[in-house]
Amino acid sequence: MTSNLIKRRALLGGAIGVASFASLPAWAQEGSTEFQAPVSSSVRNNVSSFRMPQWQDYFENTRGGAILADTKSRALHYWSEDQSIYLLYPSSVPLSEELTRLGRTEVVRKAVNPPWRPTASMLERNPDWPKMVEGGAPDNPLGVRGLYLSWPAYLIHGTHDTRKIGRRSSNGCIGLYNEHVIELYDIAQVGTQVLLI
């Protein structure tokens, strides 16, 4: 009797172990994320491969707040000016290296329900796209909030298409879930420094 009970427990434990292993995110989403080694010993990685950097590794100060958009780990980090607030959001990133702009910029304007106007190069690649989608429309790719950067046509914005988050899916912008961009919009200000890496 004890022998049968042990065999059943071993079989059940083995089945649970196989099911747990098969359900690991790395296997379920193979190829959809890129793991990046820490940039320094002060940076830790969590299970989902989001890096947890220190602001000092990227900014001289946090005057006006600081946003780090990491295109490799597909995450956006925010530090408030007094460093009492740190936020980490999963993000979408540009589809290709050609569409990716890296470097320093800043938030120059904020908009609730921003209208979307594809650039000339977007329309050239996608001639069937509309010339404009009104702000607040359910098919507006900018979602419910937009933080315009000093680079023309580059934004940090929301999206109604939640499948895009965590993927290479944008034409150059950094996308967030709508609830996350609302939170960031409410706390970030015009003049917040931004770095895309």
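1. Some thoughts on the pattern of salt bridges
Taken as a whole, this structure holds 3 salt bridges when the rule is applied. Glu 97 is paired through a salt bridge with Lys 72; the nearest N and O atoms lie 4.0 Å apart. Within this pair, whereas Glu 97 is found in the loop between β6 (93-94) and β7 (103-112), its partner Lys 72 is found in the loop between β3 (66-70) and β4 (75-79), the two being separated by 25 residues in sequence. Judged by relative accessible area, Glu 97 falls into the partly exposed class, the value being 48%. The class of Lys 72 is partly exposed, set by a relative accessible area of 33%. Across the pair Arg 168 and Glu 97 runs a salt bridge, and its minimum N-O distance is 3.7 Å. Here Arg 168, found in strand β10 (residues 168-170), pairs with Glu 97, found in the loop between β6 and β7; they are 71 residues apart in sequence, far enough to count as distant. Through salt bridges with shared partners, one network takes in Lys 72, Glu 97 and Arg 168.

2. What to know about the pairing of strand β9 (residues 155-159)
Look at any regular strand and the pattern is simple: side chains alternate between the two faces of the sheet. With 5 of its 5 residues buried, β9 lies for the most part within the structure. As judged from the 3 bridges shared by strand β8 (residues 145-149) and β9, these two strands associate in the antiparallel manner. Counterpart to Gly 146 in the pairing with β9 is His 157. In sequence, β8 turns back onto β9 through a hairpin of 5 residues, with Ala 153 there showing a positive phi of about 70 degrees. Inspection of the sheet shows β9 paired to strand β11 (residues 174-177) by 4 bridges, in the parallel sense.

3. Digging into unusual backbone geometry
Even without glycine at this site, Arg 74 takes up a positive phi of about 55 degrees. Here Arg 74 lies in the loop between β3 and β4. We classify Arg 74 as buried; its relative accessible area is 5%. Despite not being glycine, Ala 153 shows a phi value in the positive range, around 70 degrees. Within the secondary structure, Ala 153 is located in the loop between β8 and β9.

What counts, and at which threshold
Residues numbered from 1 in each chain as written. Predicted model: local features only at pLDDT ≥ 70, side-chain atom pairs only at ≥ 80, totals over all residues. Heavy atoms only, no water. Salt bridge = Lys/Arg side-chain N within 4 Å of Asp/Glu carboxyl O. Helix = DSSP H or I, 4+ residues; strand = E, 2+ residues; numbered from the N terminus. Buried < 20%, exposed > 50% of the residue type's maximum accessible area, 1.4 Å probe, protein only. Pairing = 2+ DSSP bridges.

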